[in-house]
Amino acid sequence: MVTTNRSESSFPLFRFGEIVLGGIVVGFVVLVIGVISYFRLSPETTILRESAMAGMRGTWNKTIALNVGVLTTSAVRAGSHLFRLAPEPQAALDAVRAAEVGVYKISENAGQVDHRAILARADKAMSARRWDRVVGVSRENELVAVYVPRRGLSAQRIQCCVLVLQGKDLIVVGATGNLDPLLQIAGKNFDLKEATQHLALR
Amino acid sequence: MKSLSVLGAGVLPLLLAVKLYGETPPPGQVDFGTFSAPAGGGEFVEVNVTGSLISLATKFIEKDQPDVAQVLKGLQSVRVNVIGLTDENRSDMETRVQGVRKDLESKGWERIVKVQDKGQDVGVYLKTQNKDTVQGLVVVVMDGGKEAVFVNVVGDIKPEQLAMLGEKLHIDPLKKIGHQVEKSEPAPEKP
């Protein structure tokens, strides 16, 4: 009887230990993934980077690649409300939902780069992900391309990806935001301007 | 089973028709085809502002500039292409400009402005419904030996509003073309 009781009482304790250990392992894995994700670009931004790199022969060196996701921006947003910030920077922080940037440099002088091929490659790959190019500018050794998703754009959720190629430098940027806080600020500023004019007239 | 096949035979063409209707471009839209950047670092600008981006821009200015917002609300898309001319693409661009002009005239677009001066050839075309509702506007320019410009604004727009539209949407080539159109004289009416 005593033996049975021991085994019954030790079983839940063992399970609890397993759960704690599992929790620690999961937490560690999530932490590692979270940390890695800060340095990994989204698929769309990666496509732009790869399209540009494929069009220029040479060795590319990464200067920086940083990806700040929804969790981090939410934490920053929540934290920012604890301080008294001016309305404009507060609105800017409230507007950003996610942002990423990658800066790369090619070691050799690439010479004349075929912007046509880069745009064609990027267009094809982005189109397969239902993103369209809204701006494309090519001038001498500069190339700028801006992509937005085909559907789902609204003031509450605006997304864009930008590719900038200038000489030896390549910059890719991705951003997701909510324009409502900025629209509210714009509206308030307009009201203020109108009120000022009204008072001036009096 | 028979009723199912009858239902299928009736509904499928209807669905297909609805799908096809949904994919029909608006009457003011013109397909210039695709353009690619000229080799050798020539200038190339392509801007394609879709309806969703126009409505976002409208939201930003509707309180501050309601008259401009009203113009933007009537638009469905704006497309601007500027292609720098090089020895490689000059003849192709000339052919395409001629092709677009011919195509527009055959599809009932009215040429309202024509300028041929100092190597510059500007044509402004308007598509209207019942003579008073503008459905679209096209500007085709061969600017000397420098560049070819293609502009298509889908929606209710007047030529004299082009510069303002370029300014509000921050499309410099459109602003420049708008100012050129403002200075130009209307094309003589067809007898």
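Since the structure is predicted, the reported quantities are computational estimates derived from the model, not experimental observations.

Rules behind the numbers
- Residues numbered from 1 in each chain as written.
- Chains lettered and ligands numbered in written order.
- Predicted model: local features only at pLDDT ≥ 70, side-chain atom pairs only at ≥ 80, totals over all residues.
- Domains from an automatic or database assignment.
- Contact = placed C-beta atoms within 7 Å.
- Helix = DSSP H or I, 4+ residues; strand = E, 2+ residues; numbered from the N terminus.
- Nonpolar A, V, L, I, M, F, W, Y, C, P; charged D, E, K, R; others polar.
- Pairing = 2+ DSSP bridges.
- Core = buried A, V, L, I, M, F, W, Y, C linked by C-beta atoms within 7 Å.
- Buried ≥ 20, exposed ≤ 12 C-beta atoms within 10 Å, placed from the backbone.

### Thoughts on the domain arrangement of chain A
Partitioning chain A into domains gives domain 1 (1-37) and domain 2 (43-189). Of note, the centres of domain 1 of chain A and domain 2 of chain A, computed from C-alpha atoms alone, are 42 Å apart.

### Overview of the interface of chain B and chain A
The figure often quoted for interface size is the accessible area lost as the parts come together. Between chain B and chain A, the contact holds 20 residues from the first and 22 residues from the second. Of all elements in the fold, only β1 (44-49) and α2 (51-61) of chain B reach the threshold of two or more residues within the side of chain B that touches chain A. If one sorts the elements of the side of chain B that touches chain A by residue count, β1(B) sits on top with 6 residues. Residues belonging to the side of chain B that touches chain A are distributed by class as follows: 9 nonpolar, 6 polar and 5 charged. In the sheet, strand β3 (residues 131-139) of chain A pairs with β1(B) via 4 bridges, with the strands oriented antiparallel. Across the sheet, residue A:Ser138 finds its bridge partner in β1(B), namely B:Phe44.

### Focus: the nonpolar core
Within the largest apolar cluster, 58 residues are counted, with the highest numbers of intra-cluster contacts made by B:Val138, B:Val139 and B:Val151. Beyond its immediate sequence surroundings of up to four residues, B:Val138 is in contact with B:Val30, B:Leu104, B:Trp109, B:Tyr125, B:Val151 and B:Asn152.

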